[in-house]
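Below, each chain spelled out in residue letters.
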Amino acid sequence: MKYFSILLLLTAITFSGFSQSKDAILGRWVNPSGEAHVEISKRNGKYYGKMVWLKNPRDEQGVAKTDVKNPEPGLKSRPLLGLEMLKDFVYEEGKWTDGKIYDPKSGKTYSCNITQKDNNQISIRGYMGISLIGRSETWKRVK
């Protein structure tokens, strides 16, 4: 009975650790330039991120910045603040994969993976085709 109790306790600890690590990226993150904060949330088992703060949310005329670089004409007028730039990430084997990242500075969308460096840092890797050809950034948790 003693061994069964220990086994049950270890199993519970293991499962609680997995559930915590799956959602470790939830929260608010700042990009390396400090220009934007992205809030990562979970919907229907997938992870998404939207811009919730911009260092300079308005242009020189005082008008809210929009997605002017978007290749789709109908989306050029959507505001950058609130824009969903991370989409459809799934948690697999210690990282978040199969997602997309939209770069509003270029208007391009890339495949993307996210890995956690520690509790306060994540690595975002955007790429085209295979992940060897791409760019990585480290985002820090907003405190």
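Residues numbered from 1 in each chain as written. Predicted model: local features only at pLDDT ≥ 70, side-chain atom pairs only at ≥ 80, totals over all residues. Heavy atoms only, no water.

I40, M51, M85, L86, I122 and W139 are the most contacted members of the largest nonpolar core, which totals 22 residues. Where this core is concerned, the elements lending two or more residues are β2 (36–43), β3 (46–54), β4 (84–92), β5 (95–103), β6 (108–118) and β7 (121–127). In this view, M51 contacts A36, H37, V38, L80, L81, G82, L83, M85 and P104; residues no more than four positions away in its chain are not counted. (Core = buried A, V, L, I, M, F, W, Y, C linked by side-chain atoms within 4.5 Å. Buried < 20%, exposed > 50% of the residue type's maximum accessible area, 1.4 Å probe, protein only. Helix = DSSP H or I, 4+ residues; strand = E, 2+ residues; numbered from the N terminus. Contact = heavy atoms within 4.5 Å.)

The next thing to look at is the layout of surface pockets. There is about 810 Å³ of room inside the largest pocket. Looking at the largest pocket, it is lined by 33 residues, and the ones nearest its centre are N31, M85, D103, P104 and K105. Elements with a minimum of two residues in the lining of the largest pocket: β2, β3, β5, β7 and β8 (134–141). Tallied by class, residues from the lining of the largest pocket come to 17 nonpolar, six polar and ten charged. (1 Å grid on protein atoms, 1.4 Å probe; cavity = no way out; pocket = protein on both sides within 12 Å on 5 of 7 lines; lining within 4 Å. Points joined across faces, edges and corners; volume = space filled by probe spheres on them. Nonpolar A, V, L, I, M, F, W, Y, C, P; charged D, E, K, R; others polar.)

Within the structure shown, the criterion is met by two aromatic pairs. Ring geometry for Y47 versus W96: centroids 6.4 Å apart, planes at 80°, classification edge-to-face. Here Y47, found in strand β3, pairs with W96, found in strand β5; they are 49 residues apart in sequence, far enough to count as distant. The same class applies to Y47 as to W96, namely buried. By the ring-pair criterion, three or more aromatic residues cluster together here, those being Y47, Y91 and W96. For the cation-ring pair, R43 lies above Y48, with the distance from its terminal atom to the ring centre recorded as 3.8 Å. Seen from the ring of Y102, R78 lies directly overhead, with NZ or CZ sitting 5.6 Å from the centre. (Phe/Tyr/Trp six-rings, centres within 6.5 Å; stacked < 30°, edge-to-face > 60°. Lys NZ or Arg CZ within 6 Å of the ring centre and 35° of its normal.)

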